[in-house]
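# Observations on the three-dimensional arrangement
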Amino acid sequence: MFKYGQFPPQTTTITTTATFRSSKISNMKLIIAALAMIQAASAAGLVDTLVENKADVLIKLVTSVPAVAEALGSFKGTLFAPTDAALVATVEAGFNATDLAALANVLTYHAVAGAPYPAADAGATTFLSTLQGNPLKASKSDKGVTIGSAFGTPASNVIKSVTFDGGIIHFVDQTLIPPTNVVEVAKAAKLTSLLGALTAAGLAETVAGLKDVTILAPTDEAFAAIASVAATLTPEQLKSVLLLHVLPGTIYSTDIIAAKSIDAAKTSFTGNTVSAKFDGTNVLIAGAANKTPANVVAADVFADRVIVHVIDTVLLPDLSAAPAPSSAPSAAPSAAATASAVAPAPTGLYKSGAAQIFGGLMSLSAALFAL
């Protein structure tokens, strides 16, 4: 999987716009012939619709990965189809379309199985589970329907929707980019104090490999506010503080708003819970030894199989009591995840930084979260 701001290393020559265009006409008959066998199986309507709408580059990319082409042959649900211009721009920005593993990872991130997502009737923010395994965020905007993907990447707008036998195709103006691990997200967001605390507690590698959890990520300002307390913590106490910010399972902001409050949510610091409440304007996180609840200042930041909510206060357990046994969530980080935990923050294709969390992601306000 490639990182934010950096597509996979280029081990072969990048396919260019000219290559796509020069080969498109000569290869399309072969491509369509290859797809004919898939069409005959069950979902000919999907392929027909892509062909009819001249999704030439997408068809070319799909047919270069047989497993993906086969999956689309019987696919039922929602397909977000980047335009030719969007895909060519992604390749020209540095994506190696001949890296079939990376290509499959991106393509499957555009497919959502099950009941079709009806862009024309979309209302509240919706999180959609993709075949790739990570979610997309669909929400209304002044441009219609906007699809959010990895942190630091441009939002994608639905520009046209057409139905096929098994569902719906939404043509979008940006390629959707799958997220990477949570440590890389924290680096891209410049949450340097959190990264330093994870390293000091010996949790950076473990956190990089977490899956299916919700993480409450304090800002640098939040850590600065407890500097005098942090200076007195032992490594084990610091570990307990950080584990208090990890909640098993996926909790979206919309879950909290719909429920109004979630009481006694378990954390990875054994025996300790937190509560979440929507007060009509903000989502507040309370519990532990904090007298004042934390505000969620940026919600639903995607990391790989992890949801991150940025908060303005560090949650503290009652450190005066005997420390409860703490246990890090189960994780078996790969060599790549371990390396990424200590690698420099990525730069390049997409700009990143804290400003894009606060400016580009969903703010927890009554207007944005009205249901």
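Before any of the text, the structure's been laid out above.
Report on the accompanying structure. Worth saying up front: this structure is predicted, and the values here are computed from it rather than measured.

## Side note on the sheet that holds strand β1 (residues 77–82)
With mixed pairing, the seven strands of this open sheet are ordered in space as β2-β1-β7-β6-β5-β4-β3. One side of each edge strand has no neighbouring strand; the edge strands of this open sheet are β2 (111–113) and β3 (126–129). Strand-to-strand, the axes of this sheet are offset by a mean angle of 30 degrees, without reference to chain direction. Where strand β5 (residues 144–148) and strand β6 (residues 156–164) come together, two bridges link them in antiparallel fashion. Following the sheet pairing, threonine 146 is matched in β6 by asparagine 157.

## Looking at helix α6 (residues 100–108)
Those residues of α6 not exposed but buried are Ala102, Leu103, Ala104, Asn105, Val106 and Leu107. Close packing links the buried residues of α6 with α3 (56–63), α4 (66–73) and β2.

## Thoughts on the pattern of salt bridges
Any two side chains of opposite charge can pair, on the condition that their charged atoms come close. What the rule picks out here adds up to three salt bridges. Between lysine 211 and aspartate 304 there is a salt bridge; the shortest N-O distance is 2.8 Å. With a gap of 93 residues between them, lysine 211 in the loop between α9 (204–208) and β8 (213–218) and aspartate 304 in the loop between β13 (294–303) and β14 (306–311) connect regions that are remote in the sequence. The partly exposed category is assigned to lysine 211, whose relative accessible area is 39%. A relative accessible area of 10% places aspartate 304 in the buried class.

## Regarding the pairing of strand β4 (residues 135–141)
Summarising burial for β4: five of the seven residues are buried, a large majority. Pairing geometry for β3 and β4, over four bridges, is antiparallel. By the bridge assignment, phenylalanine 127 is partnered in β4 with lysine 137. Between β3 and β4, which follow one another and run antiparallel, lie five residues, and glycine 133 among them has a positive phi close to 115 degrees. Taken together, the five bridges between β4 and β5 define a ladder with antiparallel strand orientation. If you follow serine 141 over to β5, its bridge partner there is glycine 144. Here β4 folds back onto β5, and the loop between the two strands holds two residues.

## Comments concerning the packing of aromatic side chains
Scanning the model with the defined rule gives two aromatic pairs in all. Look at phenylalanine 127 and tyrosine 252: their rings are 4.0 Å apart centre to centre, the planes differ by 5 degrees, and that puts the pair in the stacked class. In this pair, phenylalanine 127 is assigned in strand β3 and tyrosine 252 in the loop between β9 (246–248) and α13 (253–259), connecting sequence segments 125 residues apart. Taken together, a centroid distance of 6.3 Å and an interplanar angle of 70 degrees make the contact between phenylalanine 127 and phenylalanine 302 edge-to-face.

About the cut-offs
Note on numbering: residues in each chain are counted from 1, in written sequence order. Owing to the predicted nature of the model, reporting of local features is limited to residues with pLDDT of at least 70; listing and counting of side-chain atom pairs is limited to 80 or more, with chain, interface and lining totals taken over all residues. Side-chain metrics in this entry use all non-hydrogen atoms of the structure; hydrogen atoms and water are not considered. A pair of strands is treated as paired once DSSP finds two or more bridges between them. Strands here mean DSSP runs of E at least two residues long; helices mean DSSP runs of H or I at least four residues long; both are numbered from the N terminus. Between N-to-C directions, angles span 0 to 180 degrees; the directions come from axes that are lines fitted to C-alpha atoms, helices contributing only their stretch in contact. Note on exposure labels: buried denotes an accessible area under 20% of the residue type's maximum, exposed denotes more than 50%, and partly exposed covers the range between, all computed with a 1.4 Å probe on protein chains only. Here, residues are in contact when the closest pair of their heavy atoms is within 4.5 Å. Throughout this description, the term salt bridge denotes a Lys or Arg side-chain nitrogen within 4 Å of a carboxyl oxygen of Asp or Glu. Geometry of aromatic contacts follows a simple scheme: Phe, Tyr and Trp rings, the Trp one being its six-membered ring, pair when their centres are within 6.5 Å, and the pair is stacked under 30 degrees between planes, edge-to-face over 60, tilted otherwise.

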